[in-house]
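Observations on chain architecture
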Amino acid sequence: MTQENRHMAFICSKGNLDMAYPALIMGWAALGNGVDVTIFFTFWGLDIINKKRMDRLQLPPVGIASMKTGMMGLPVDVGIPQLVGVLPGMTAVATALMRKKIADLEVPPVSEFLQMLQDAGAKLYACKMTVDMMGLSQEDFIDGVEIVTASDFVDMTEGAQIIFI
Amino acid sequence: MSEDLLATVAFDAEGYLQNPADWTPELAEAIAAREGIQLTDKHWQVIRFCREKAAETGKSPTLRQISLGTGIPIKELFQLFPKGPAKRVAKIAGLKKPEGCV
């Protein structure tokens, strides 16, 4: 009797840089453990598979209480005042800081990571409703992404562990 | 018999070799058989790379490091060592569990 493979499904609904990586990293770990992986991109998560945007994701520091000066190697760990966070250039600074930390750990950029995930067997899907809402089409996405409905997603993930990001 | 060989060395709870000095190519064959993998030259290329890298850095290489280091594509690594290449190579090569996440 064959045992069914464990299956994990990630729903990516955010497009900020910090929220793109959790599913990619955990999905990769799952594949490395012999688990089947499905990733469903919806709403702002479509940016992660959008050819033009995927390697240009940003991280606005506004509203991110956890982003404190300790991250920048400073001896004092205090928050950046929100009024400073909205100033022009601050998003670029926060984004650059995060990109450097990601690169220092030898974590690949989103485009390369998605290719690795697909090569390792992950299945990628885009939410049809969001695609229609944002006026996007198959050409906007990387190869291998299938546009499906929510109902399709529910069918595909029967028995799977579903993680919403 | 490979089962006898496996019985002579100690493995931890997850199946990794406890004492690196116990490793021999014959043991690798026995562990691979236990894992259900038939070792070919390509498999040995990966095993040798992982052992060299681990000796160099003190850590078992991650899947991406193996692919970049050997030039073998991710797809092929999953064919050679199905369901979790980095971990299975580490077991066969007598190394510790890989620590990195990529």
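Above this text you will find the structure in question.
Residues numbered from 1 in each chain as written. Chains lettered and ligands numbered in written order. Predicted model: local features only at pLDDT ≥ 70, side-chain atom pairs only at ≥ 80, totals over all residues.

A tally of regular secondary structure across chain A gives 7 helices and 5 strands. In sequence order, the secondary structure elements of chain A are arranged as β-α-β-α-α-α-α-β-α-β-α-β. A buried classification covers 28% of the 165 residues belonging to chain A. A separation threshold of at least 6 residues defines the contact pool for chain A, and within that pool the share at least 24 residues apart is 74%. (Helix = DSSP H or I, 4+ residues; strand = E, 2+ residues; numbered from the N terminus. Buried ≥ 20, exposed ≤ 12 C-beta atoms within 10 Å, placed from the backbone. Contact = placed C-beta atoms within 7 Å.)

Below, the discussion takes up the nonpolar core. Where a protein is soluble and globular, its nonpolar side chains tend to be buried together. The biggest cluster of nonpolar side chains holds 57 residues, and the ones touching the most others in it are A:Ile39, A:Phe41, A:Ile49, A:Leu117, A:Ala126 and B:Val89. Per element, the largest residue contribution to this core is 7 residues, and it comes from helix 1 (residues 17–32) of chain A. The residues touching A:Ala126, leaving out its near neighbours within four places in the chain, are A:Phe41, A:Leu46, A:Ile49, A:Val131, A:Phe141, A:Val145 and A:Ile147. (Core = buried A, V, L, I, M, F, W, Y, C linked by C-beta atoms within 7 Å.)

Of the residues lining the interface, 12 residues belong to chain B; the matching set on chain A comes to 13 residues. Mapped onto the side of chain B that touches chain A, the elements with two or more residues apiece are helix 4 (63–70), helix 5 (74–80) and helix 6 (85–92) of chain B. With 3 residues, the single largest contributor to the side of chain B that touches chain A is helix 5 of chain B.

This paragraph deals with helix 4 (residues 90–104) of chain A. Across its 15 residues, helix 4 of chain A extends 21 Å between first and last C-alpha, which sits within 8% of the 21 Å expected from 1.5 Å per residue. Directly after helix 4 of chain A, the chain includes A:Glu106, whose backbone phi takes a positive value near 60°. (Expected span 1.5 Å × (residues − 1).)

Now for the packing of helix 3 (residues 41–57) of chain B against helix 6 of chain B. Two quantities define a packed helix pair, namely the angle between the helix axes and the distance between the axes. All names here are of chain B. Across the interface, helix 3 lies against helix 6 with an axial gap of 10 Å and an inter-helix angle of 80°. When the interaxial angle is binned, helix 3 and helix 6 end up roughly perpendicular. Contact residues: Val46, Ile47 and Cys50 in helix 3; Val89, Ala90 and Ile92 in helix 6. Taken together, the residues of the contact of helix 3 with helix 6 break down into 6 nonpolar, no polar and no charged. (Axes fitted to C-alpha atoms, helices over the stretch in contact; angles between N-to-C directions. Parallel < 35°, antiparallel > 145°, perpendicular 65-115°, else oblique. Nonpolar A, V, L, I, M, F, W, Y, C, P; charged D, E, K, R; others polar.)

All right, on to the environment of A:Met156 then. You can see A:Met156 is positioned in helix 7 (residues 150–156). When the 16 C-beta atoms within 10 Å are taken as the criterion, A:Met156 is described as partly exposed.

Right, let's get into the sheet that holds strand 4 (residues 145–148) of chain A. Residues and elements named next belong to chain A. Read from one edge to the other, the open sheet built from 5 strands follows the order 4-3-2-1-5, with strand pairing classed as parallel. Strand pairing shows two members of the sheet lacking a second neighbour, strand 4 and strand 5 (161–164), which therefore form its edges. Strand-to-strand twist in this sheet, taken as the mean axis angle between neighbours without regard to direction, amounts to 25°. Note: strand 1 (residues 7–12) against strand 5, 4 bridges, orientation parallel. Across the sheet, residue Phe10 finds its bridge partner in strand 5, namely Ile163. (Pairing = 2+ DSSP bridges.)

All names here are of chain A. Even without glycine at this site, Phe43 takes up a positive phi of about 50°. Following the sequence through the fold, Phe43 ends up in the loop between strand 2 (36–41) and helix 2 (46–49). Look at Glu106: it is not a glycine, yet its phi comes out positive at around 60°. Inspection of the secondary structure puts Glu106 in the loop between helix 4 and helix 5 (110–119).

Side chains three or four residues apart in an α-helix point the same way, a direct result of the helix having 3.6 residues per turn. Three or more residues of helix 5 of chain A are buried, namely A:Val110, A:Phe113, A:Leu114, A:Met116 and A:Leu117. Buried positions in helix 5 of chain A, seen along its axis, are confined to an arc of 160° and lie on one side of it. Along its buried surface, helix 5 of chain A packs onto helix 1 and helix 2 of chain A together with helix 4 and helix 5 of chain B. Positive backbone phi, at 110°, marks A:Gly121, one or two positions downstream of helix 5 of chain A. (Arc of directions from axis to C-beta.)

So yeah, pure geometry; function would need other evidence.
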